[in-house]
Amino acid sequence: MPPKIITMSNQPKIILGIESSCDETACAICLKENNQIKLLSSIVASSQSIHIKYGGVVPEQAAREQVKSIIPVITEALDQANLKLAKIDAIAITQGPGLIGSLLVGVETAKTLSLIWNKPLIPVNHLIGHFYANWIDKDPSQQPKFSFLGLLVSGGHSDLVLFKAHGKYDYLGGTRDDAAGECFDKCARILNLPYPGGPQISKLAASGESTRFKLPRPMMRSNDLDFSFSGLKTAVLNLVDSTQISDKDLPDICAAIETAIIDSLVNKVVLAAKKYNIEQLVVAGGVAANSKLRSSLEREIAKVNPAIKIFIPSPILCTDNAAMIAAAGFFTEPVKDPLQVEANPSLSLLR
Ligand code: KG4
Ligand code: ZN
C-alpha cells in the first residue's frame, strides 16, 4: 500500500497535543492567534496513585493505564474546548523519550487519528516540549526570545542547552548519572516518603533547617556544565543507615537534600550564564515547580546581571502535560507520512 501523504496547507491555528511518555496520559488543545498561544483545554490523567505503593513507576502498569485513559482523555479535551476533531488543524505527539509501552499508546493513537481524519502529524521530543510551556498564554512581549539559556530539570533529565532558534540549539552539559528529579524521588524512597518525591521533600523541607545535616554537592568546582546527583543519593542512604533517624528529623533532612540539589543546579546555571553572557534563562521540567529553586535562580541570576530575564512556567505546566506538546507543535515540522513516526524511548537532547 502506498504511504498516505498528509500535507499542511497553512500554518496551523488549532493543534491537539497528546502526551503519554510515562505515568500521565494527557491531551490538550491550543489555539494560535496574533502570535499568542492560548490554552483551550488541558486534561491530565495520572496513574501515580497505582505506583505509590511500589515507590516508583511500574512500566507495565503505566502502559496498561495509558490504554484505559487515552480515548477518554482526548474526548474530554475536545469537549472542554467545545470542538470536534474535524476542527483541529494538526496533531502533535510526544515521540520520546520515555517508557516504550506508554509512548506506543500515544503514538499509535495519534497516527490513527491523523490518518482517519487527514490531519498532519507533528512528532515532538518531550524534552524540547517542556520548554514550550513557557509560550502558553503569554503575550508575545512576554514570550522567550532567542537566543536563551535553557535549563531542563525533570524526573529523567537535567540538561543545560543554548537555544538559538526553534529547533536549533547547542547542548552545553547535563547529568552524568541521576537527574535532579530522580534524586528527589530516590531520596524520598530512602526516607519512606511517597512517590513522586520532589513535592514531598519540598513540603517537609519548608519547616526544616538545611544546615543540620551535611550533604555533598558533587562537581561544584568542575569547570564544565555537567551535574552529578548519584553521590547525594548515596550520602542520604549512608546518613539514614548510620544515624538514628526519627520522623522529627525528616524536615531537616529534606531541607538538606533540597538545598544540596538546588545549590548544584544553580551553581552550573550561574556558570553558564556568565560563560555565554546570556540575556534570558528559560527553565522547564517537573523540578521547576519547586518554589525554592525558582527563588534561588532569581536571586543568583540577578547577581550575575539583574537585566537577565527568567522564564519559568506555572507549576501545573512544569510537570508532564500535553499543552506543552501542542505548543511545541506550532514550531515543529509535521511529517509527510504519519506511518513513519515511531515511538523512540531513547530520544535525547544530544545530537
Ligand atoms: O517533567 P516531569 O513531570 O516528568 C518527566 O519528564 O520526568 O518531572 C517529574 C519530576 C519528578 O522527579 C518529581 O519528583 C519532580 O519532577 N517534581 C518536583 C516538584 N514537583 C515535581 N521536584 C521538586 N519540587 C517539586 N515541587
Ligand atoms: Zn517530562
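As a convention, each chain's residues are numbered from 1 in the sequence order in which they are written. Labels follow written order: the first chain is A, the first ligand is 1, and so on. Where local features are concerned, this predicted model is filtered to residues with pLDDT of at least 70; where side-chain atom pairs are given and counted, the filter is 80 or more; whole-chain, interface and lining totals use all residues. Where side-chain values are given, they derive from all heavy atoms of the structure, hydrogens and water being excluded.

Student: Just to check I follow, could you spell out the side chain of Ser202 for this structure?
Tutor: Only DSSP runs of H or I covering at least 4 residues are called helices, and only runs of E covering at least 2 are called strands; the numbering of each starts at the N terminus. Counting through the fold element by element, Ser202 comes out in helix α6 (residues 197–205). Whenever two N or O atoms come within 3.5 Å, that pair is a polar contact, provided that in protein one can donate a hydrogen and the other can accept it, and provided that, for residues adjacent in sequence, both atoms are side-chain atoms. Only 3.4 Å separates the side chain of Ser202 from the side chain of Glu258, close enough to count as a polar contact. What makes two residues a contact is simply this: any of their non-hydrogen atoms within 4.5 Å. Sequence-distant contacts of Ser202, that is, excluding residues within four places in its chain, are made with Glu258 and Asn290.

Student: Can you help me understand the coordination of the zinc ion (ligand 2) in this one?
Tutor: Each pair of donors in an ideal four-coordinate tetrahedral metal site encloses 109.5 degrees, whereas pairs in an ideal six-coordinate octahedral site enclose 90 or 180 degrees. Around the zinc ion (ligand 2), the protein supplies His126 (NE2), His130 (NE2) and Asp320 (OD) as donor atoms, at distances of 2.0 to 2.1 Å. Only N, O and S atoms count as donors, using a 2.8 Å cut-off from the metal and 3.2 Å for Na, K and Ca, and because water is excluded some sites may appear unfinished. Here a site with four donors is tetrahedral if all angles are between 85 and 135 degrees, and a site with four or six donors is square planar or octahedral if opposite donors are over 155 degrees apart and the other angles are between 65 and 115; anything else gets the irregular label. Between the four donor atoms coordinating the zinc ion (ligand 2), the angles at the centre fall across 97 to 135°, so the site counts as tetrahedral. In the primary sequence, the donor residues of the zinc ion (ligand 2) line up as H-x3-H-x189-D. Of the two residues, His130 is situated in helix α4 (residues 126–131) and Asp320 in the loop between α10 (315–318) and α11 (323–329); the sequence distance between them amounts to 190 residues. Three exposure classes are used, based on accessible area relative to the maximum for each residue type with a 1.4 Å probe and protein chains only: buried under 20%, partly exposed in between, and exposed over 50%. On the basis of relative accessible area, His130 is assigned to the buried category, the value being 2%. On the basis of relative accessibility, which here comes to 17%, the residue Asp320 falls in the buried class.

Student: For this particular structure, what's the right way to read the sheet that holds strand β2 (residues 24–33)?
Tutor: For two strands to be treated as a pair, DSSP must find at least two bridges joining them. If you walk across this open sheet you meet the five strands as β3-β2-β1-β4-β5, and the pairing is mixed. At either margin of the open sheet sits one strand with a lone partner, and together these are β3 (36–46) and β5 (121–125). Adjacent strand axes in the sheet meet at a mean angle of 20°, parallel and antiparallel pairs treated alike. Where strand β1 (residues 14–19) and β2 come together, six bridges link them in antiparallel fashion. When the sheet's bridge partners are listed, Gly17 is paired in β2 with Ala28. With axes taken as lines fitted to C-alpha atoms, and helix axes fitted only over the stretch in contact, angles between N-to-C directions fall between 0 and 180 degrees. Contacting β1, β2 and β3, helix α2 (residues 59–81) runs over the sheet at an angle of about 25° to β2. The strands touched by helix α3 (residues 100–117) within the sheet are β1, β4 (90–96) and β5, with β4 carrying the most contacts at an inclination of about 155°.

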